[in-house]
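Spelled out, the chains give:
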Amino acid sequence: MKKQLFINYLLVAVLTMAIVQFGFSQNKDLPNIVILATGGTIAGAGESSTGSSYTSGQVGIEAMIDAVPNIRKLANLKGEQISNVGSQDMSVKIWLDLANRINKLLTDDVDGIVITHGTDTQEETAYFLNLVVKSDKPVVLTGSMRPSTALSAEGPLNLYNAVAVAASQEAKEHGVMVVMNDEIHSAHAVKKMITTPVQTFMSPQHGMLGTVIFGDIVFFHKPHGIHTVNSEFSVDGVTELSRVDIVYACADMSPDLIDIMVKAGAKGIIIAGVGDANMTEATLEAAKKATKKGIPVVRASRVPVGAVLIHGEINDEEYGTVSSDELNPQKARILLMLALQKDKDMSREKLQELFINY
Ligand code: ASP
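Residues numbered from 1 in each chain as written. Predicted model: local features only at pLDDT ≥ 70, side-chain atom pairs only at ≥ 80, totals over all residues. Heavy atoms only, no water.

1. Remarks on the site of the ligand
Then comes step 1: Around the ligand, a shell composed of G40, T41, Y54, S56, G86, S87, Q88, G118, T119, D120, S144 and M145 is seen.
Then comes step 2: T41 has a polar side-chain atom sitting 2.8 Å from an oxygen atom of the ligand.
Then comes step 3: One of the side-chain N or O atoms of Q88 is found 2.9 Å from a nitrogen atom in the ligand.
Then comes step 4: Look at the ligand: alone it shows 260 Å² of surface, and the protein chains cover 93% of it.
Then comes step 5: Mapping the ligand onto the cavity grids shows that it belongs to the largest pocket.
Then comes step 6: For the shell around the ligand, a count of residues per class yields two nonpolar, nine polar and one charged. (Near = heavy atom within 4 Å. Polar contact = N/O pair within 3.5 Å; in protein donor to acceptor, adjacent residues only side chain to side chain. Areas by Shrake-Rupley, 256 points an atom, 1.4 Å probe, with all protein chains shown as cover. 1 Å grid on protein atoms, 1.4 Å probe; cavity = no way out; pocket = protein on both sides within 12 Å on 5 of 7 lines; lining within 4 Å. Sits in = over half its atoms within 2 Å of the grid points. Nonpolar A, V, L, I, M, F, W, Y, C, P; charged D, E, K, R; others polar.)

2. Remarks on unusual backbone geometry
Negative phi characterises most residues that are not glycine, and trans characterises most peptide bonds.
Then comes step 1: You will see that N181, though not glycine, has its phi angle at about 55°, which is positive.
Then comes step 2: Along the polypeptide, N181 turns up in the loop between strand 5 (176-180) and strand 6 (183-186).
Then comes step 3: The exposure class assigned to N181 is partly exposed, which follows from its relative accessible area of 26%. (Helix = DSSP H or I, 4+ residues; strand = E, 2+ residues; numbered from the N terminus. Buried < 20%, exposed > 50% of the residue type's maximum accessible area, 1.4 Å probe, protein only.)

3. Brief notes about the packing of helix 9 (residues 329-342) against helix 10 (residues 348-357)
A pair of packed helices is characterised by two quantities: the angle between their axes and the separation of those axes.
Then comes step 1: At their nearest, the axes of helix 9 and helix 10 sit 11 Å apart, and the two run at 135° to each other. In terms of their interaxial angle, helix 9 and helix 10 are classed as oblique. The way helix 9 lies across helix 10 gives a crossing that is right-handed. Facing A332, L335, L336 and A339 of helix 9, the residues of helix 10 in contact are L351, L354 and F355.
Then comes step 2: For the contact of helix 9 with helix 10, the residue count by class is seven nonpolar, no polar and no charged. (Axes fitted to C-alpha atoms, helices over the stretch in contact; angles between N-to-C directions. Parallel < 35°, antiparallel > 145°, perpendicular 65-115°, else oblique. Left-handed = near helix turned anticlockwise from the far one by under 90°. Contact = heavy atoms within 4.5 Å.)

Structural data, given as structure tokens:
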């Protein structure tokens, strides 16, 4: 009798440990997917279903999962709330928390990750994770343009499709992806292109990676650029990243802005240049002064599509500057922050190589 009691106790203990560890109601035939919620419009709520005003990050992850019919048929799901902010308030601290949590989960019995995220800075978080996640398992970001309370809110279907992609074997080795509006985009190529309509994410240079229609996935090609398991960057044990600022160029731009950023403590500068990452002669001179002080300056473009030529109108060797290649200013900032984290005295040549490869 005592022995039976002991065995029962042992069984309960083992089962409890399994549930606590995974939080999944385990169906062995389904993959284990963790949804990490960070906020955004997908978790937003407003007073009226037809009004445009709302507040991001109001709904918790469990309520979001429960709002999606049949989602639990795709995978064993567990939700975790990492933050609940509009992604205009996304921070390096949250990026580091996310990356470390994902790296931990993916070495455990987790087959894929979905991150719910505001769309404003979603491409930045996707690109950051693409460089520091150490796994070839699927990591998928999704969000929505309409809050959960809106007429025709598209968040539930986006979440369903994101879980379908994260749960699929086919999606492995594609780096970090963005799934929205039936499309799958790579972290490297994706850009927010339109302010409010649902077709906001596009990959104008490379095209989408594939499509996902009510959970049916088709991939067209692999992503461009080094990512995840092949990336040389790591944030293991990292608690902060160097300050890198972005300055937006225009006609008759004042060079003062570069000097102000240097004075304020920027360790790197990205210029969102005009056209092929050009800028006024005076700004170029200010950039040269900064690079002479050991502050890397990267030329990206304010134009949404196209690569920045290394030897176009500007001779980078003469000014000490670097071309961002295909990266827009906000993604160039992330690569420069990680490059500085790896080696704060990195040579201009090595930095240029990184921008070509990543
Ligand atoms: N401002 C919101 C955010 O990025 C917009 C959105 O999610 O669509 O969190």
